[in-house]
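This is what each chain is made of:
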Amino acid sequence: MTSNHTDCHYCLQSLRGRKYALREENAYCVTCYDSLFANPCEECKKPIECDSKDLAYKGRHWHEGCFKCAKCSCSLVEKPFAAKEEVLLCTECYSDEYSSKCFHCQKTIMPGSRKMEFKGSSWHESCFVCQYCRQPLGTKPLITKDNENYCVPCFEKQFAHHCYSCKKVITSGGVTYHDQPWHKECFVCAGCKTQLSGQRFISKDEYPYCVDCFSKLYAKKCAACKKPITALGCAKFISFEERQWHGECFNCAKCSVSLVGQGFLTRQDDVLCHECGSA
């Protein structure tokens with residue numbers, strides 16, 4: 001500016017016909033203004049005179065020609081940039097030095113772009129998608145399998161076990177029976193519907209039965225004690241002419257000696273040892 005009516009507020013010399021600068025409504029000659037108020041440049045340390053453009057960032061100042069990337073020296077004037085430990089870098093240099101690489105595409109996640117963090121790795125928002133349906137996962141619940149992420153519906157559709165009985169997804173626990181998965185609450189006796197998880201049971205025609213139901217429905221009765229013969233009772237049983245006995249029940253009807261592994265005779269419905277049968 002030039003003026004013919006004022007004096008320099010500091011040195012009191014006339015400003016008539018001279019350039020001057022205003023500060024808080026006071027006029028200063030260029031020399032006084034620069035000595036009193038010019039900011040030192042962060043790069044060259046020289047004052048940024050009033051006839052130079054002063055570029056400021058976070059309380060620091062630069063000449064327009066000094067405002068450049070600390071690594072490649074390209075001008076940062078009117079360009080995006082990033083700061084690291086008070087050093088200014090263009091976005092390309094900052095990305096090369098400090099930016100994360102996307103776990104999926106391995107490309108740099110540029111400063112200012114949104115990134116997703118999961119299990120210590122970073123993704124572009126557009127790369128953080130369900131491996132099956134390709135829909136963005138964002139902050140939705142997800143399940144990881146073989147380093148790939150899936151939304152819960154897709155994971156269940158692709159990988160989760162479905163209960164052989166109710167056909168619904170088994171989310172935890174479960175029982176395997178005849179190589180088929182079951183919910184614990186669905187694995188019940190085919191007869192009385194009592195839950196069998198952790199209990200003894202017997203299989204019949206691919207269906208599980210509790211011991212009581214199997215005994216009532218299918219087990220043969222001992223010819224002596226009339227109780228069911230099951231694999232869960234005595235390990236040995238004897239069969240003769242469509243009759244069965246528990247091992248401990250296969251005794252001479254007269255003297256009660258055990259006939260297991262011995263010769264015996266029959267008399268009507270009785271079995272007898274040789275001695276009693278010959279008497």
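Here's a quick rundown of the structure. What you see is a predicted model; the values in this text were computed from it and never measured.

Thresholds, definitions, all that
- Residues numbered from 1 in each chain as written.
- Predicted model: local features only at pLDDT ≥ 70, side-chain atom pairs only at ≥ 80, totals over all residues.
- Heavy atoms only, no water.
- Helix = DSSP H or I, 4+ residues; strand = E, 2+ residues; numbered from the N terminus.
- Rg over C-alpha atoms; globule rule 2.2 N^0.38 Å.
- Buried < 20%, exposed > 50% of the residue type's maximum accessible area, 1.4 Å probe, protein only.
- Contact = heavy atoms within 4.5 Å.
- Areas by Shrake-Rupley, 256 points an atom, 1.4 Å probe, with all protein chains shown as cover.
- Lys, Arg positive; Asp, Glu negative; His and termini not counted.
- Charge placed at Lys NZ, Arg CZ, Asp CG, Glu CD.
- Salt bridge = Lys/Arg side-chain N within 4 Å of Asp/Glu carboxyl O.

1. Let's talk about the overall build of the protein
Now for step 1: Tallying secondary structure elements over the protein gives five helices and 21 strands in all.
Now for step 2: Over its C-alpha trace the protein gives a radius of gyration of 47 Å, far above what one expects of a compact globule, namely 19 Å for 279 residues.
Now for step 3: Dimensions of the protein along its principal axes, counting C-alpha atoms only, are 155 × 30 × 30 Å.
Now for step 4: For the protein, the residues scored as buried account for 32% of the 279 residues in total.
Now for step 5: When contacts within the protein are restricted to residue pairs at least 6 apart in sequence, those whose partners lie at least 24 apart make up 11%.
Now for step 6: Summing over all exposed atoms, the protein offers an accessible surface of approximately 18800 Å²; the carbon and sulfur share of this is 47%.
Now for step 7: Distance from the positive charge centre (37 side chains) to the negative charge centre (32 side chains) of the protein: 7 Å.

2. Describing the pattern of salt bridges
Now for step 1: Under the defined criterion, the tally for this structure stands at three salt bridges.
Now for step 2: One salt bridge connects R60 with E42, and the closest N-O pair in it is separated by 4.0 Å. Of this pair, R60 sits in strand β5 (residues 60-63) while E42 sits in the loop between α1 (30-37) and β4 (54-57), and the two are 18 residues apart along the sequence.
Now for step 3: On the basis of relative accessibility, which here comes to 30%, the residue E42 falls in the partly exposed class.
Now for step 4: For E125, the salt bridge is made with R114, and the minimal N-O distance between the two is 3.0 Å. Of the two residues, E125 sits in the loop between β9 (121-124) and β10 (142-145) while R114 sits in the loop between α2 (91-97) and β8 (115-118), which places them eleven residues apart along the sequence.
Now for step 5: The class for R114 is exposed, based on a relative accessible area of 54%.

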